[in-house]
Amino acid sequence: MCDTFVLRTDTGMVLAKNSDRDPNEAQLWEWTPAADHPIGSTLRTTYVDVPQAARTHATVVSRPWWMWGAEMGANEHGVAIGNEAVFTKEPTSLEPGLLGMDLLRLALERATTADEAVQTIVALLEEHGQSGACSIEHPKFTYHNSFLVADAESAVVLETAGRHWATEQVKGAARSISNGLTIPGFAEQHADRLRGRVASCDTRQTLTQHRAETARGVREAMRILRDNGTGRGPRWSPITGSMVGPNMHAGGWLASSQTVSSWVSHLGTGLHWSTGSADPAFAPFVPLRVDEPLGEDVYPTAGVDNRYDDRSLWWRHERLHRRALRDWARAETLIAADRHRLERAWIADPPPTEEALAAGLEARERWLPAIERVTVRDTRPWWTRRAWQGYDRAAFEARPAEVPA
């Protein structure tokens, strides 16, 4: 479950997305340089091989640890893409194939404009289709995909149902997509309204559309991604957790989606911003550049998976995040001013990624003891506490002493 939107500014399009997935699914940044490839070579995606392009472009993406494909990312030509799971009447398949996330990364590697990226996805979809398990925690979960594709000057919505597809050029000030089909005609023909209703996609899409229409830039986009949809802390449901805003929280019996990483691309400047960690309310957006990769010594990714790993940014942040969830509103109020101070300074004068990453980790070390003091009492309903106890056991079972109290 996800939310993606674009807004038009005087300095280029801004694309923003929350990636909402299983609570223990670490998400990693990955940089890939431009490259030339031999004729006839192939590329291994998450499950299958596809013919490799003669030339691929440099990219930076945010991807679930276990898949080749990405939830969101950008390339050296200023193209950015976010994808959404959508529920349709067309049959889905667990047969190993191309995931929507694979299609997103392939498009970034092969396209120089938003229109070219859409054409790339459509061509791959028509040739290969889309299929395969979309979750490592729930191996029978699969879905179709929609995409919001942008460059500095334009944006396109691409929605799919199996091998069927439709596009819409973004004409107004903003456009939002969530977990339901939205293009008139295509949505009426293909949308599974019942599953969309369970996912609260109409509620979130309406909220993000309304707020994006009046947003003016990167900071406003970040603010929208932090929104629970309530104007305060999460509104917990025993069925779906908290899914009424773009900042989603796991904890329901039927749905367990958690915002695990957040992304903003300012396509007129070549700067991208990402939390690289769960719940953007408790994580600063760090500046990323396609041509400024972080080395393994600064940003370890090797061996990171769905178990606690103190080397990784994503898992180190979980120590703070899972404590903050005990009383989200009090914890967020406590750190908001410091978080805003960091981001204001970085947006005004963007530092190297390594410098910002170090400052963000230092901030978390300041915030954690303060949050521990204000979250002595767990204010969540019993079903949410029980759900998170299960997530914690699964994540920390190799290191039980590390489980947040």
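Residues numbered from 1 in each chain as written. Predicted model: local features only at pLDDT ≥ 70, side-chain atom pairs only at ≥ 80, totals over all residues. Heavy atoms only, no water.

A. Quick look at the packing of helix α1 (residues 100–110) against helix α2 (residues 114–128). At a closest axis distance of 9 Å, the pairing of α1 and α2 adopts a crossing angle of 130°. Taken together, the axes of α1 and α2 lie oblique to each other. When you trace α1 past α2, the crossing you get is right-handed. Contact with α1, carried on its side by Leu-103, Leu-106, Ala-107 and Arg-110, involves Glu-116, Ala-117, Thr-120, Ile-121, Leu-124 and Leu-125 of α2 and no other residues of that element. (Axes fitted to C-alpha atoms, helices over the stretch in contact; angles between N-to-C directions. Helix = DSSP H or I, 4+ residues; strand = E, 2+ residues; numbered from the N terminus. Parallel < 35°, antiparallel > 145°, perpendicular 65-115°, else oblique. Left-handed = near helix turned anticlockwise from the far one by under 90°. Contact = heavy atoms within 4.5 Å.)

B. Spatial organisation of the pairing of strand β9 (residues 72–75). In β9, alternate side chains face the same way, and those of Met-72 and Ala-74 on one face and Gly-73 and Asn-75 on the other are all buried. Two strands pair when backbone bridges link them, and β9 and strand β10 (residues 80–86) are joined in this way by three bridges, in the antiparallel orientation. Paired with Met-72 across the bridge in β10 is Gly-82. Hairpin connection of β9 to β10: four residues between the antiparallel strands, including Gly-78 at a positive phi of 80°. (Buried < 20%, exposed > 50% of the residue type's maximum accessible area, 1.4 Å probe, protein only. Pairing = 2+ DSSP bridges.)

C. Geometry of the packing of aromatic side chains. Under the criterion given, the structure shown has eleven aromatic pairs. Plain terms: the ring middles of Trp-29 and Tyr-299 are 4.9 Å apart, the flat faces sit at 25° to each other, and that makes the pair stacked. Placement of the pair is Trp-29 in strand β3 (residues 27–32) and Tyr-299 in the loop between β17 (286–288) and α7 (313–324), with a sequence separation of 270 residues. Overall, the relative accessible area of 3% leaves Trp-29 in the buried class. (Phe/Tyr/Trp six-rings, centres within 6.5 Å; stacked < 30°, edge-to-face > 60°.)

D. Just a negative patch on the surface, in detail. Side chains of Glu-296, Asp-297, Asp-349, Glu-354 and Glu-355 sit close together on the surface and give a patch of like negative charge. Mapped onto the fold, Glu-355 is located in helix α9 (residues 353–374). (Patch = residues over 30% accessible without salt bridge, like charges linked within 9 Å, V, L, I, M, F, W, Y side chains within 5 Å. Areas by Shrake-Rupley, 256 points an atom, 1.4 Å probe, with all protein chains shown as cover. Salt bridge = Lys/Arg side-chain N within 4 Å of Asp/Glu carboxyl O. Lys, Arg positive; Asp, Glu negative; His and termini not counted. Charge placed at Lys NZ, Arg CZ, Asp CG, Glu CD.)

E. Looking closely at the side chain of Thr-259. If you trace the backbone, Thr-259 turns up in strand β15 (residues 258–266). Side chain to side chain, Thr-259 and Asp-20 meet in a polar contact 2.4 Å long. A polar contact is formed between the side chain of Thr-259 and the backbone nitrogen of Met-248, at a distance of 2.9 Å. Dropping the residues within four chain positions of it, Thr-259 is found in contact with Asn-18, Ser-19, Asp-20, Pro-246, Asn-247, Met-248, Ala-278, Asp-279 and Pro-280. (Polar contact = N/O pair within 3.5 Å; in protein donor to acceptor, adjacent residues only side chain to side chain.)

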